[in-house]
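# Commentary on secondary and tertiary structure
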Amino acid sequence: LKKTKTPTWVNHPRRMMLHYQQIKNEIAKTKERVVFQVIGGNWGLACNSLHFIDLCSFLTGEIVEEIDLNWLDKIIHKSKRKNYIEFTGSVKGRMKDNSSFIITSFDEEISDITISISSSSQRWIIQEGRAQKNIYLAKNNNFNEEVTIIKTAFQSTLTTKIVTDLFELGNCDLPTYEEAFVSHVPFIKEALNKYIEITGIETNTCPIT
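Residues numbered from 1 in each chain as written. Predicted model: local features only at pLDDT ≥ 70, side-chain atom pairs only at ≥ 80, totals over all residues. Heavy atoms only, no water.

### Examining the environment of Trp71
So the rule is basically this: Secondary structure counts use DSSP, requiring at least four H or I residues in a row for a helix and at least two E residues in a row for a strand, with both numbered from the N terminus. Should any heavy atoms of two residues lie within 4.5 Å, those residues are considered in contact.
Among the secondary structure elements, Trp71 is positioned in the loop between β2 (64–68) and β3 (77–78). Through-space distance from the C-alpha of Trp71 to that of Ser105 is 11 Å; in sequence the pair is 34 residues apart. Sequence-distant contacts of Trp71, that is, excluding residues within four places in its chain, are made with Gly89, Ser90 and Lys92.

### A closer look at the nonpolar core
We count it as follows: We define a nonpolar core as any set of buried Ala, Val, Leu, Ile, Met, Phe, Trp, Tyr and Cys residues linked to one another through side-chain atoms lying within 4.5 Å. Three labels apply to residues, based on accessible area from a 1.4 Å probe with only protein chains included: buried if under 20% of the type maximum, exposed if over 50%, partly exposed otherwise in between.
Ranked by internal contacts, the top residues of the largest apolar core, which has 47 residues, are Tyr20, Phe36, Val91, Ile115 and Ile117. Broken down by element, the residue count for this core peaks at nine residues, all from helix α2 (residues 45–60). Leaving out residues up to four positions away in the same chain, Ile117 has contacts with Tyr20, Ile23, Ile27, Val34, Val35, Phe36, Leu59, Gln122, Arg123, Trp124 and Ile126.

### Structural notes on a nonpolar patch on the surface
Stated precisely, the cut-off is as follows: Put simply, a patch holds well-exposed residues, over 30% relative accessible area, that have no salt bridge, with like charges counted together within 9 Å and Val, Leu, Ile, Met, Phe, Trp or Tyr side chains within 5 Å. A 1.4 Å probe and the Shrake-Rupley method give the accessible areas. Residues count as covered only by the protein chains that appear here. A pair is scored as a salt bridge if a Lys or Arg side-chain nitrogen falls within 4 Å of a carboxyl oxygen belonging to Asp or Glu.
Taken together, Leu1, Ile63, Tyr177, Phe181 and Val182 make up a surface patch of nonpolar side chains, about 440 Å² in accessible area. Inspection of the secondary structure puts Leu1 in the segment before α1 (18–30).

### Section: the side chain of Gln127
Spelled out, the test is: Two N or O atoms count as a polar contact when they lie within 3.5 Å, although within protein this holds only if one can serve as hydrogen donor and the other as acceptor, and sequence-adjacent residues are included solely when both atoms are side-chain atoms.
Position of Gln127 relative to the elements: it lies in strand β8 (residues 122–127). A polar contact is formed between the side chain of Gln127 and the backbone oxygen of Ile113, at a distance of 3.4 Å. Other than its neighbours up to four places away in sequence, Gln127 contacts Asp112, Ile113, Thr114, Gln132, Lys133 and Ile150.

### Observations regarding the packing of aromatic side chains
Quick note on the threshold: Between the rings of Phe, Tyr and Trp (Trp by its six-membered ring), a pair exists once the centres lie within 6.5 Å; its type follows the angle of the planes, with under 30 degrees stacked, over 60 edge-to-face, and the other angles tilted. Over a ring means this: the NZ of a Lys or the CZ of an Arg is within 6 Å of the ring centre and within 35 degrees of the ring normal.
All chains considered together, the criterion is met by three aromatic pairs. With 6.1 Å between their ring centres and 45 degrees between their planes, Tyr177 and Phe181 make a pair best called tilted. Taken together, the positions of Tyr177 and Phe181, both in helix α4 (residues 177–199) and four residues apart, correspond to about one turn of that helix. Residue classification places Tyr177 among the partly exposed positions, given a relative accessible area of 38%. The ring of Phe58 carries the charged tip of Lys24 above its face, separated from the ring centre by 4.8 Å.

### Structural notes on the packing of α1 against α2
Definition in use: Structural elements are reduced to axes, namely lines fitted to C-alpha atoms, with helices fitted over the stretch in contact, and the angle between N-to-C directions of any two is expressed from 0 to 180 degrees. The cut-offs work like this: below 35 degrees is roughly parallel, past 145 is roughly antiparallel, 65 to 115 is roughly perpendicular, and the gaps in between are oblique.
Between α1 and α2, the shortest axis-to-axis distance is 8 Å and the interhelical angle comes to 45 degrees. If you check the angle between α1 and α2, you find them oblique. Residue-level inspection shows Tyr20, Gln21, Ile23, Lys24 and Ile27 of α1 in contact with α2, the latter providing Leu55, Phe58 and Leu59.

### With respect to the sheet that holds strand β7 (residues 111–118)
Under the convention used in this document: One bridge is not enough; two strands pair if DSSP finds at least two bridges between them.
Across the sheet, which stays open at both edges, the eight strands sit in the order β2-β5-β6-β1-β7-β8-β9-β10 with mixed pairing between neighbours. Single-partner strands in this sheet number two, and they are β2 and β10 (146–149). For this sheet, the mean angle separating the axes of adjacent strands, direction not counted, is 15 degrees. As paired strands, strand β5 (residues 89–95) and strand β6 (residues 100–106) are joined by six bridges and run antiparallel to one another. Looking at β6, one finds that Gly89 is bridged to Ser105. Docked against the sheet, α2 engages β1 (35–41), β2, β5, β6 and β7, running at close to 155 degrees with respect to β6. Across the sheet, α4 touches β2 and β5, and the angle it forms with β2 is around 20 degrees.

Written as structure tokens, this is what we have:
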């Protein structure tokens, strides 16, 4: 990509969603470190964790310092895609400013994802899926809840904006390859190590999508 000077972006579309952009702006105002948590049931931890790690990086404006997969369940699940695998359990990590994340997929029936983003003075609880809403609590309002209905855009809608921005502005809201690389590489290395540890299979290929 460098040799051919090809500008490249990675499809982590939560960065494009208005409610996350607004949360990022609020966090930037206080400069407080963040505790970021994702919880759901059987939602594809192996192939989707990087979307949430990237979201944490976007919200804090920081790069990943550490990723820990030692909290995964010691079991391999079949992926919905042939010849690929899935994990359940938790992925933990830390950003460069000591903000932290824990991303959990329970080994149970599929259930919607809840995201909580907390600093010392503000809290956001975002419900994705069927009950799409954002619950906001702030110290300056005695942590009384404010509930806002949100609408998660489909990829078809987002793609239209991405293409328009790229052609008209030469840029878009997605992370660049360089930005995404910083979290993708350590996650894939850790996932491969965990796969080898659980299965006993010696390989240099990490079978996740």
